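Spelled out, the chains give:
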Amino acid sequence: MWQGIAFGLAAGALWGSVFLAPQLLSAFSALELSAARYLLYGVISLCLLVPLWPRLRHKVTRADWVALFWLSLAGNTVYYLFLVGAVQWAGIAPASLIVGVLPVTVTLIGSRDHGAVPLRKLAWPLLLVGLGILSVNLDVFMHGSSSTHGWGTKLLGIVCAVGALSCWTSYAVGNARYLARNGHFSSHEWSVLTGVVTGLQALLLAVPAFLPPLMGIHPAIGGDWRLFWLVCATVAIGASTIGNAFWHAASRRLPLTLSGQMIVFETFFALCYGFFYEARWPRALELIAIVSLLAGVSWSVRLHAPARNA
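Keep in mind the model is a prediction, meaning the values are calculated, not measured.

Colleague: A description of the nonpolar core should follow, citing residues and the corresponding values.
Modeller: Counting 78 residues, the largest nonpolar core has Phe 19, Leu 83 and Trp 168 as its most contacted members. The dominant element in this core, judged by the number of residues it contributes, is helix 9 (residues 151–181), at 12 residues. In this structure Phe 19 touches Tyr 79, Leu 83, Val 87, Ile 92, Ala 95, Ser 96, Val 99, Glu 266 and Ala 270, once residues within four positions along its chain are discounted.

Written out as structure tokens, the structure reads:
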């Protein structure tokens, strides 16, 4: 179990960087960031697939490709589009804290799985998480005057964060259940296949993102393209290739109701990176949100531990 927790921690540390990238590349759109990140992820995964393909081609079925398509769409392509919009319009802290509810949403959906804790026992942890979400949303609107974005834009950013939360919840649950039912893939093999499928989906994003003026969408003007590709490559290698491999390894070793709790590390590291980037300490409401979220998730972990050891 502890090895799975270590893998979850490592994945969270790498995934936290995806919240910082949109701030570093604020001159670029969500479409451009998503297309570049996942094109690079796909190329890297394709290179890793070449030596694996002689044995994988006999294992991958049509059902596997269908599952990979939908999981990649929810957990990578659409999720990151929402996440970039959330960070650029609402900020790193609100986006990371709202997406930080993932441990609870995954637990709720996985509550019918074997070894799950009854929902009535999770009432207080869920209440703490709700307090955290309320606190961070209050902070967003109370400090709207310090940002170039108005309330309407911030509200749109929060909607995007909720969309990202919904997408990744679907992915985390669906991916864990599929791996549990299909043990003929290793964590590395599944991660590489996911990357290749995600890269193919990114090709569709690349057309409107990098070939103006198709569909009325134009690439960023005056943006630092060297920094753009450097940051996207770093995220593709660190968060996508290595981070996803760590996550698949954690999913193999932990039950759904416990692996879901590991996602809190992404929130923690995203907040640390965000506050460091903005060179400030968390404000009072942000601190309440952080403490409430971590306390709620930690409480949920303690409630699940007996069920795992029973």
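Colleague: So, the environment of Ser 292: which residues are in play, and what are the values?
Modeller: Note that Ser 292 resides in helix 14 (residues 284–309). Sequence spacing of Ser 292 and Leu 126 is 166 residues, and the spatial spacing of their C-alpha atoms is 9.7 Å. Apart from residues lying up to four places away in sequence, Ser 292 is in contact with Leu 128, Val 129, Leu 131 and Gly 132.

Colleague: Please provide a residue-by-residue account of a nonpolar patch on the surface, values included.
Modeller: On the surface, a cluster of nonpolar side chains totalling about 470 Å² of accessible area is made up of Leu 131, Leu 134, Leu 138, Met 142 and Ile 288. The leading source of residues in the nonpolar patch is helix 8 (residues 123–142), at 4 residues. Mapped onto the fold, Leu 138 is located in helix 8. Under the relative-accessibility criterion, Leu 138 is labelled partly exposed at 42%.

Colleague: Explain helix 2 (residues 17–24) to me, and be specific about the residues and the numbers.
Modeller: Most of helix 2 is tucked away, with 6 of its 8 residues classed as buried. Of all the residues in helix 2, the buried ones are Val 18, Phe 19, Leu 20, Ala 21, Pro 22 and Gln 23. Close packing links the buried residues of helix 2 with helix 1 (2–15), helix 3 (30–49), helix 5 (62–90), helix 6 (92–99), helix 11 (225–253) and helix 13 (264–278).

Colleague: A description of the environment of Leu 193 should follow, citing residues and the corresponding values.
Modeller: Position of Leu 193 relative to the elements: it lies in helix 10 (residues 187–210). Spatially, the C-alpha atoms of Leu 193 and Val 60 are 9.4 Å apart, while their sequence positions differ by 133 residues. Residue contacts for Leu 193: discarding those within four places in its chain leaves Leu 49, Leu 56, Val 60, Trp 65, Leu 68 and Phe 185.

Colleague: Quick one: what's the story with empty space enclosed by the protein, residue by residue and with numbers?
Modeller: According to the stated counting rule, one finds 4 cavities of 30 Å³ or more in the structure shown. The volume enclosed by the largest cavity comes to roughly 120 Å³. Around the largest cavity, the lining residues are Trp 15, Val 18, Arg 37, Tyr 38, Gly 75, Asn 76, Tyr 79, Trp 168, Tyr 171, Ser 240, Asn 244 and Glu 266. Elements with a minimum of two residues in the lining of the largest cavity: helix 3, helix 5, helix 9 and helix 11. The leading source of residues in the lining of the largest cavity is helix 5, at 3 residues. Partitioned by chemical class, the residues of the lining of the largest cavity number 6 nonpolar, 4 polar and 2 charged. In this model, the second largest cavity occupies a volume close to 40 Å³.

The rules behind the values
- Residues numbered from 1 in each chain as written.
- Predicted model: local features only at pLDDT ≥ 70, side-chain atom pairs only at ≥ 80, totals over all residues.
- Heavy atoms only, no water.
- Core = buried A, V, L, I, M, F, W, Y, C linked by side-chain atoms within 4.5 Å.
- Buried < 20%, exposed > 50% of the residue type's maximum accessible area, 1.4 Å probe, protein only.
- Helix = DSSP H or I, 4+ residues; strand = E, 2+ residues; numbered from the N terminus.
- Contact = heavy atoms within 4.5 Å.
- Patch = residues over 30% accessible without salt bridge, like charges linked within 9 Å, V, L, I, M, F, W, Y side chains within 5 Å.
- Areas by Shrake-Rupley, 256 points an atom, 1.4 Å probe, with all protein chains shown as cover.
- Salt bridge = Lys/Arg side-chain N within 4 Å of Asp/Glu carboxyl O.
- 1 Å grid on protein atoms, 1.4 Å probe; cavity = no way out; pocket = protein on both sides within 12 Å on 5 of 7 lines; lining within 4 Å.
- Points joined across faces, edges and corners; volume = space filled by probe spheres on them.
- Nonpolar A, V, L, I, M, F, W, Y, C, P; charged D, E, K, R; others polar.

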